[in-house]
Structure formats: structure tokens, C-alpha cells
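What follows is the residue order along each chain.
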Amino acid sequence: MRKTMWINFLWALLPILWLIISLGIIGMSASRACVIGLIITIADAVLLFKQPVLNTLSGALEGIIMGIWPIMYVILAALFVYQITTESGSMQTIEKLLSSITTDKRILVLIIAWGFGGFLESIAGFGTAVAICAGILISLGLEPIQASVICLVANSTATAFGAIGLPVLTLAEVTNLNDVRLGFIVTLQLVVLVILVPFILVFLTEKSIKAFKGIGFITLMSGLGMAIPQVIIAKFTGAELPALVGSLFSILITVWLTKRKTGAVEEVENESISEIIKACSPFILVFIFVLLASSLCPPVNNFLTSVTTHLHIYLGKNPNDLPINWLSSPGTLILLAGLIGGKIQGLSFNKMFKILVKVLKTIGMTTITVCAIVGLAKVMVYAGMTNALALALVSLLGPAYPLFAPLIGALGTFLTGSATSANVLFGNLQYSAAQSLGVSKYWIVASNMTGATAGMLSPQNIAVATGAINKEGLEGKILKETIKWGSLYLLITCVFLYLGGLFAKLV
């Protein structure tokens, strides 16, 4: 029996080994590696796990459809809003506002890389925050490599709720867990990290312990200003708004404390206030629409969720229900906010349609990657491959498994460059492991999400950073810097979550 378990483990490990080799060693493109990985997984399921061909193919199809809706739909809508704001010139207004607050680079890093970066991550995700914020910091006098490392480290905790909560919502969907409770637990797991990261960013700005002189309290409040609202919002509304609200509170409290300390913030002229509101209108509307569509507004929420199509694609036993939420999907809400916000900013519907088509053309490879990785994960679950991995890992690690659970999520982000894909890839593995151990499923599954926020170690995210600063070829130098902080980040994560897991039944 034990021999059979380890044989099944080795065969189930085959697709993951392929992804490690193809992405981490060979350097193959993610789209090609994941498509080949899907083919390997299908063959593995049919030939070695004796899964019927039609069941295997229908499981893969379910994953592919899920990759398109809601995952790629949300990505398309989020990037559409960002491009509208850029095309209208409103992004420049937002950038100027943020960079005019103070000349202290340490505080600018907290406002731009941490606060504004978290805001961009909450709306668009997928490297947008790194690319934009690195450019702003360079224009304000930081060295390109330094700016890239700072933005990569800053773009960590917010990724859990990036693109209007997509990673957590996807994790809840693939594991059939309640998304509101799961999102709340993720915010609890992230509290220590959210408080710690601003201190790392300030240290990286001056590269000295003296960097905290005079702004230690502001740094602390910049972290708490994001952590506390995130926990409250996640508890009462779900996964869509925590990073968005938290980042805004962090910016506001950092600016307010800076003004109290130095008086450096100039009064904004009345006519400028209307321009700022105009520039931020798509993001303000996203906030309003997501809030109205949440459980906090039952009449609207009930109406929107009633317009849902339920698909049953998998032909085997115990198929998952795949809901297509036409109106309540974050993608629909973001798209609508973008159209109205774009109109407020002076863009015609014809211009916005061209922007949407342009964005659609740019996400082709990402769509292939996401659909393939979700299809791969679905086949692994239905064929019993995920369960085989979980049984072996639990047998090997025993009660110590929760200590390593975040590392599995981090591995997923390292391989795919996406916290969402990491959750799809390993979410069910964590769920199965928790069942085998008899511990809190929510705590262990959330650990995958928390570990997956260590995106600073992902070669793909580092490539985004080097591309943004026109320093292609220096990826190794940036990785050398980020790996030190990424290792510290994961060490703290593993220890904190392991200790917290001992009391997980209380949440």
C-alpha cells in the first residue's frame, strides 16, 4: 500500500516537475510550457491513473472555460480601465499629485511604491504596479535597479487581492470554500507582513538602519493604515475591496502624517480637485460598483447574482458547478466603471472600443497560459493526482506540513508569475492535505495564497521590472537583491502561519 502511494506520488508529480524544468531551468515561454504541461497531465491521467478519456478531456475543458471566465475576463477589464486612464492623460495627473507631496524619498517610496502600487495592484494586477511605480521613482531620482527592487518587494501583500480580489476568489472557486471567510483569513495571515514590508522599503531607500530616523512612526502607520482596513473590509464585504481600500487608507494616513510633521503638502486649488476626481473617476466607480454588488447591499446583490448560468461540463462523478455570473462578475463591474469613467475623462465610445480591442490583442499569450494551467489543475484534481500528492506529502511531513504550506504557494508564483495561477495549481493540493491532517481547511488553503504573495522571486515579475526600466539582461542582478528579502519574507510567513495554525480552529 505504501509502495503504491509513492508510485502514484511520482507520477502525479510529473506535470509539476515539467513546469519547474521548463520554466525555471530551460526558460521556455509560459504559454508553451503550460500547454505542453496540460498535454502531459492528460496523458498521465488516462494512461497511469486510468481516468476515462472523455472524463479527462471534459475536466480539461472545464478548466479552460474557467480560465476564460472569470479569470481572463477580470484581467481584460482591469487592463482596460488602466489603459483608459493612461490614454486620457489622467494617469499623469495621478502621478503628479503623488509626487508633489514631499521631497523625502523615503516617504515618496511609502506613498508611491507601497500605497499607490497597492492601489494599482488592487485594480489591474499582473505587474502593472511594478512597471508604473518603478518609472515614477526613477523620475524622482532613485537608481533604476534600486527602484525595481523596491517596487518588487512592495508588490507583495496586495497581490492576494489584486485585480479586484481575483486570486482569492479563484482560490475559493477551485476549492469550493466560502470566498468571504477565506479572504478574511488571508488578511489575518498577512497582518504581520503588511506591517513589516514598509520598513523594508524604507531601509532599501537609504540602505541604512539610519533610514528610519524621523519617520519610524510614519512607516509603522503606513503599514497599519493598510492592514487594519483590509481585515475589516474582508470580514464584511469579501475579497474584492480589501487591497483597494487598504491602499487608499495607507496613502491618506501617510500624507496626513507627513503634512503634520513637515507642513510640506501644498493646498490643492479648487479647480485641481475637479481634475483629480475626473482622473480617478474609473477607480472611484469600481469601488462604488463593487461595494453595491457585495453582500452589504442585499437587494442589488440578489438581483445581480440571479442572472447566472450554471454549467456542468465534467462528465465524471461529482462534477463541480461552474457558475457564469453575467452581472455580478468583477469583470462586468470593472468594465462598466471603465466605460463610464472613460466618458467622464472625455473619451468617445469609439476610442474606448479601440482601446479594448488593443488590450484584447495583448493578452493572447496570457490567455493561453491561464487556460492551460487551469485545465491542468482540473485534470489533476479529477484524476486523483492532487490527492496522491497530498497523501504523500502529509505522510512525509506529518504534523510539520503546515510549516511548509506557504512555500508551495510561493513555488506556484515562481513557476507561473501569477498568484492566481499558483492558487489554481496548488489550491486543491492544500485542501486535500488539510483534510488528511484533520486541520483547518481554510487556514491551510489561505496559506497557499499568503505564500503566493512572494512574487518578488518570480522570474516573470522580474522581467516586467527590467522591461519597465529598459534594463533587460539585468534580471540576475535584481533577483540577487530580491531573493534576500524574499527569503526573509517567506521565513516569517512560514513561522507565523505555523504558529497561527495551532489556533486556526478559533477563526
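Reading guide: rules and limits
The numbers attached to residues start from 1 for each chain and follow its sequence in the written order. A pLDDT threshold of at least 70 governs which residues receive local features in this predicted model, and a stricter bar of 80 or more applies before side-chain atom pairs are shown or counted, although totals over entire chains, interfaces and linings include all residues. Hydrogens are left out, water is left out, and the side-chain values use all remaining heavy atoms of the structure. UniProt positions are given in the numbering used here, feature names are shortened, and annotations may be inferred rather than shown by experiment. Grouping into patches uses exposed residues only, defined as over 30% relative accessible area, and leaves out salt-bridged ones; the cut-off is 9 Å for like charges and 5 Å for nonpolar side chains (Val, Leu, Ile, Met, Phe, Trp, Tyr). Method for areas: the Shrake-Rupley scheme with a 1.4 Å probe, in which residue coverage is limited to the protein chains shown. Whenever a carboxyl oxygen of Asp or Glu lies within 4 Å of a side-chain nitrogen of Lys or Arg, that contact is scored as a salt bridge. Each helix corresponds to a stretch of at least 4 residues labelled H or I by DSSP, and each strand to a stretch of at least 2 residues labelled E; elements are numbered beginning at the N terminus. Only protein chains enter the area calculation, which uses a 1.4 Å probe; residues under 20% of their type maximum are buried, those over 50% are exposed, and those in between are partly exposed. With a 1 Å grid laid over protein atoms only, a set of points is called a cavity when a 1.4 Å probe fits there but cannot get out and a pocket when it is open yet has protein on both sides within 12 Å along at least five of seven lines; lining residues have an atom within 4 Å of a point. Grid points are joined across faces, edges and corners, and a volume is the space filled by probe spheres set on the points. Each residue gets one of three labels, nonpolar for Ala, Val, Leu, Ile, Met, Phe, Trp, Tyr, Cys and Pro, charged for Asp, Glu, Lys and Arg, and polar for the others, Gly among them. Throughout, the edges of the domains are those of an automatic or database domain assignment. Here the expected length of a helix is defined as 1.5 Å per residue gap, with one fewer gap than residues. It only takes one pair of heavy atoms within 4.5 Å for two residues to be counted as in contact. The set of buried Ala, Val, Leu, Ile, Met, Phe, Trp, Tyr and Cys residues whose side-chain atoms join them within 4.5 Å is what this entry labels a nonpolar core. As used in this structure description, the phrase polar contact means that two N or O atoms lie within 3.5 Å; if the pair is within protein, one of them must be able to donate a hydrogen and the other to accept it, and residues adjacent in sequence are counted only when both atoms belong to side chains. Note on terms: buried area is the combined drop in 1.4 Å-probe accessible area of two parts once they are placed together, counting the loss on both. Angles here are taken between N-to-C directions and fall from 0 to 180 degrees, while the axes themselves are lines fitted to C-alpha atoms, restricted in helices to the stretch in contact. By the definition adopted for this analysis, an angle is roughly parallel if under 35 degrees, roughly antiparallel if over 145, roughly perpendicular if from 65 to 115, and oblique otherwise.

The name recorded for the protein chain in an unreviewed UniProt entry is L-lactate permease, from Lactobacillus taiwanensis. For the protein chain, the Sequence similarities (unreviewed entry) comment in UniProt is given as "Belongs to the lactate permease family." Annotation of the protein chain in UniProt includes, under Subcellular location (unreviewed entry), the sentence "Cell membrane".

This part takes up a nonpolar patch on the surface. The grouping of I273, I277, I284, I288, L292 and V300 at the surface amounts to a nonpolar patch, some 440 Å² of accessible area in total. Here the element with the most residues in the nonpolar patch is helix 12 (residues 270-293); it accounts for five residues. Residue placement: I277 occurs in helix 12. Given the relative accessible area of 47%, I277 is considered partly exposed.

Moving on, we get to the layout of surface pockets. One way to see where empty space is left: roll a probe the size of a water molecule over the atoms. Taken as a whole, the second largest pocket encloses approximately 760 Å³ of empty space. Surrounding the second largest pocket, 36 residues form its lining, L169, E173, D179, E240 and N325 being those nearest its centre. Contributing elements (two or more residues each) for the lining of the second largest pocket: helix 3 (53-87), helix 8 (162-175), helix 9 (179-206), helix 12, helix 13 (298-306), strand 2 (322-325) and helix 14 (330-344). Counting residues per element, the lining of the second largest pocket draws most heavily on helix 8, at six residues. Its residues assigned to classes, the lining of the second largest pocket comprises 16 nonpolar, 14 polar and six charged. The residue makeup of the lining of the second largest pocket includes at least three contributed by each of domain 1 (1-71 + 364-504) and domain 2 (74-301).

We now examine empty space enclosed by the protein. In this structure the tally under the stated criterion is two cavities of 30 Å³ or more. Approximately 30 Å³ is the volume found for the second largest cavity. Mapped onto the lining of the second largest cavity, the elements with two or more residues apiece are helix 16 (364-383) and helix 19 (419-437).

Across its 13 residues, helix 17 (residues 385-397) extends 18 Å between first and last C-alpha, which sits within 8% of the 18 Å expected from 1.5 Å per residue. Looking one or two places after helix 17, you find G398, whose phi comes out positive at around 60°.

Further remarks concern the side chain of T56. Mapped onto the elements of the fold, T56 is located in helix 3. Leaving out residues up to four positions away in the same chain, T56 has contacts with I42, A45, V46, Q51 and V379.

In this structure, L19, F116, L137 and V153 are the most contacted members of the largest nonpolar core, which totals 164 residues. Here the element with the most residues in this core is helix 3; it accounts for 15 residues. Domain assignment of the residues forming this core places at least three in each of domain 1 (1-71 + 364-504) and domain 2 (74-301).

Attention shifts here to the side chain of T159. With respect to the helices and strands, T159 occurs in the loop between helix 7 (144-154) and helix 8. A relative accessible area of 10% places T159 in the buried class. From its side chain, T159 meets the backbone oxygen of S156 in a polar contact 2.5 Å long.

This part takes up the domain arrangement of the protein chain. Looking at the protein chain, the domain boundaries give domain 1 (1-71 + 364-504) and domain 2 (74-301). Relative placement of domain 1 and domain 2: their C-alpha centres are 26 Å apart. Facing the 38 residues of domain 1 at the interface are 43 residues of domain 2. Summed over both sides, the interface between domain 1 and domain 2 buries roughly 3,800 Å², with carbon and sulfur atoms accounting for 79% of that surface. Along the contact surface separating domain 1 from domain 2 lie six residue pairs in polar contact (both at pLDDT 80 or more). It is helix 22 (residues 475-501) that contributes the most residues to the side of domain 1 that touches domain 2, nine residues altogether.

Across its 20 residues, helix 16 extends 29 Å between first and last C-alpha, which sits within 8% of the 28 Å expected from 1.5 Å per residue. Of all 20 residues in helix 16, 14 are buried; the element is thus mostly enclosed. Of the residues trailing helix 16, G384 is marked for its positive phi of about 90°.

Turning next to the environment of T93. Relative to the helices and strands, T93 resides in helix 4 (residues 90-99). Of the residues examined, T93 reaches a relative accessible area of 29% and is grouped as partly exposed. T93 sits 185 residues away from K278 along the chain, and the two C-alpha atoms are 9.6 Å apart. Apart from the residues within four sequence positions on either side, T93 is in contact with E275 and A279.

On to the packing of helix 9 against helix 10 (residues 216-236). Where helix 9 contacts helix 10, the two axes come as close as 8 Å, and the packing angle between them is 170°. In terms of axis orientation, helix 9 runs roughly antiparallel to helix 10. Between helix 9, through V180, G183, F184, T187, L188, V191, V194, I195, P198, F199 and V202, and helix 10, the contact on the second element is made entirely by G216, T219, L220, G223, L224, M226, A227, Q230, V231, A234 and K235.

This structure, assessed with the given rule, holds five salt bridges. A salt bridge links K351 to E87, with the shortest nitrogen-to-oxygen separation between them at 3.7 Å. Linking K351 in helix 15 (residues 349-362) with E87 in helix 3, this pair joins segments that are 264 residues apart in sequence. Classification of K351 as partly exposed rests on a relative accessible area of 35%. For E87, a relative accessible area of 36% gives the class partly exposed. E481 is the salt-bridge partner of K484, the closest N and O atoms lying 3.7 Å from each other. With K484 and E481 both in helix 22 and three residues apart, the pair spans about one turn of that helix. Taken together, the shared-partner salt bridges connect E87, K351 and K358 into one network.

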